[in-house]
Amino acid sequence: MNKTLITLLLIAAVVPAVQAQDRIYRCGNEYTNNAQQAKERGCKLVEGGNVTVVQGTRPASAAAPATGGGGAAATSSATSPAMAPRVSNNEQKSRDSDARAILESELRKAEARHAELLKEYNNGAPERNALDLRNPQRYTERTAELKASVARSESDIAGIKREIARLPAPAAPAN
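Residues numbered from 1 in each chain as written. Predicted model: local features only at pLDDT ≥ 70, side-chain atom pairs only at ≥ 80, totals over all residues. Heavy atoms only, no water.

Engineer: Sorry if this is basic, but what is going on with the side chain of Thr32 here?
Structural biologist: Along the chain, the position of Thr32 falls in strand 2 (residues 30–32). Judged by relative accessible area, which is 12%, Thr32 ranks as buried. In this structure the side chain of Thr32 is engaged in a polar contact, spanning 3.1 Å, whose partner is the backbone nitrogen of Asn34. At a separation of 3.1 Å, a polar atom in the side chain of Thr32 contacts the side chain of Gln37. (Helix = DSSP H or I, 4+ residues; strand = E, 2+ residues; numbered from the N terminus. Buried < 20%, exposed > 50% of the residue type's maximum accessible area, 1.4 Å probe, protein only. Polar contact = N/O pair within 3.5 Å; in protein donor to acceptor, adjacent residues only side chain to side chain.)

Below, the structure is given as structure tokens:
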């Protein structure tokens, strides 16, 4: 009788503790237990356990307020651009030309891959292989994948061209 009574008391003590845990919602990198706020922000319910959130520390550069004057708060020299290592003009030009060469090489590779994809895509009618003949759905999926690959390839090429345009103009050869 005593064992049964003790067991029932333990169960009665544990049940409210389990029910006290509210539902937790994840909103990107934030968590909330406010259902209304979660619904408004389109958050997802976290299932399968409790969530423990530990606040991190702020970086020192973010803690120091940015002031325009020469006050004491503006003495954070660890993140000051003036303390950044300087590079000579010749070394910077060398780095820029190396970056340009790498990007141009990547552009040639991307354009070659794009040409291959366009050839394989064949204006939306790629050649059917043996698997495609047996499974028409696979052909449709492969065509859609090729179309997406062509679009991604075009986007890659445009991105590389933007990066090249951001670089300083190449130095004219000396006469």
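Engineer: Looking at this structure, how should I read the confidence of the model for the protein chain?
Structural biologist: Segments scoring low in pLDDT should not have their predicted coordinates read at a detailed level. Per-residue pLDDT for the protein chain has a mean of 79; in total, 73% of the residues score no lower than 70. Low pLDDT, under 50, characterises residues 68–77; the predicted model gives this stretch six contacts beyond four residues in sequence or across chains. (pLDDT = per-residue confidence, 0-100. Contact = heavy atoms within 4.5 Å.)

Engineer: Where do I start with the pattern of salt bridges in this structure?
Structural biologist: Any two side chains of opposite charge can pair, on the condition that their charged atoms come close. Tallied over the full model, the rule gives six salt bridges. One salt bridge in this structure joins Glu106 and Lys109, with 3.8 Å as the shortest N-O distance. Placement of both Glu106 and Lys109 in helix 4 (residues 89–121) is noted, with a separation of three residues, approximately one turn of the helix. Put simply, Glu116 and Arg113 hold a salt bridge, and the shortest N to O gap is 3.5 Å. Residue Glu116 and its partner Arg113 are both found in helix 4; the two are separated by three residues, about one turn of the helix. (Salt bridge = Lys/Arg side-chain N within 4 Å of Asp/Glu carboxyl O.)

Engineer: What should I look at first to understand the side chain of Asp96 in this one?
Structural biologist: Tracing the chain through its elements places Asp96 in helix 4. Lacking a salt bridge, the buried Asp96 has Arg95 as its closest oppositely charged neighbour, with an N-O distance of 7.8 Å. Discounting chain neighbours no more than four positions away, the residues touching Asp96 are Leu167 and Pro168. (Lys, Arg positive; Asp, Glu negative; His and termini not counted.)

Engineer: Quick question: what am I supposed to make of the environment of Asp22 here?
Structural biologist: Within the secondary structure layout, Asp22 lies in the loop between helix 1 (2–19) and strand 1 (24–27). Classification of Asp22 by relative accessible area gives partly exposed; the value is 44%. In the structure, Asp22 is positioned 13 residues away from Ala35 in sequence and 9.4 Å away in space, judged by C-alpha atoms.

Engineer: Whenever I open this one, the packing of aromatic side chains confuses me. Can you help?
Structural biologist: In this description, a pair of aromatic rings is defined by centroid distance and the angle of the planes. Under the defined criterion, the tally for this structure stands at zero aromatic pairs. Stacked on the ring of Tyr139, the Lys or Arg Arg128 has its end atom at 3.7 Å from the ring centre. (Phe/Tyr/Trp six-rings, centres within 6.5 Å; stacked < 30°, edge-to-face > 60°. Lys NZ or Arg CZ within 6 Å of the ring centre and 35° of its normal.)

Engineer: So what exactly am I meant to see when it comes to the nonpolar core here?
Structural biologist: In summary, soluble globular proteins display a tendency toward joint burial of nonpolar side chains. Listed in full, the seven residues of the largest apolar core are Leu103, Leu107, Ala110, Ile157, Ile160, Ile164 and Leu167. Here Ala110 is in contact with Ser153, Ile157 and Ile160, once residues within four sequence places are set aside. (Core = buried A, V, L, I, M, F, W, Y, C linked by side-chain atoms within 4.5 Å.)

Engineer: Help me out: how do you make sense of helix 6 (residues 136–166) in this one?
Structural biologist: Given 3.6 residues per turn, any residue in an α-helix points the same way as the ones three and four places further on. With 31 residues, helix 6 should cover 45 Å at 1.5 Å per step; its first-to-last C-alpha distance of 46 Å lies within 8% of that length. Among the residues of helix 6, those classed as buried are Tyr139, Arg142, Thr143, Leu146, Ser149, Val150, Ser153, Ile157, Gly159, Ile160 and Ile164. In the core, the buried residues of helix 6 are packed alongside helix 4 and helix 5 (130–134). (Expected span 1.5 Å × (residues − 1).)

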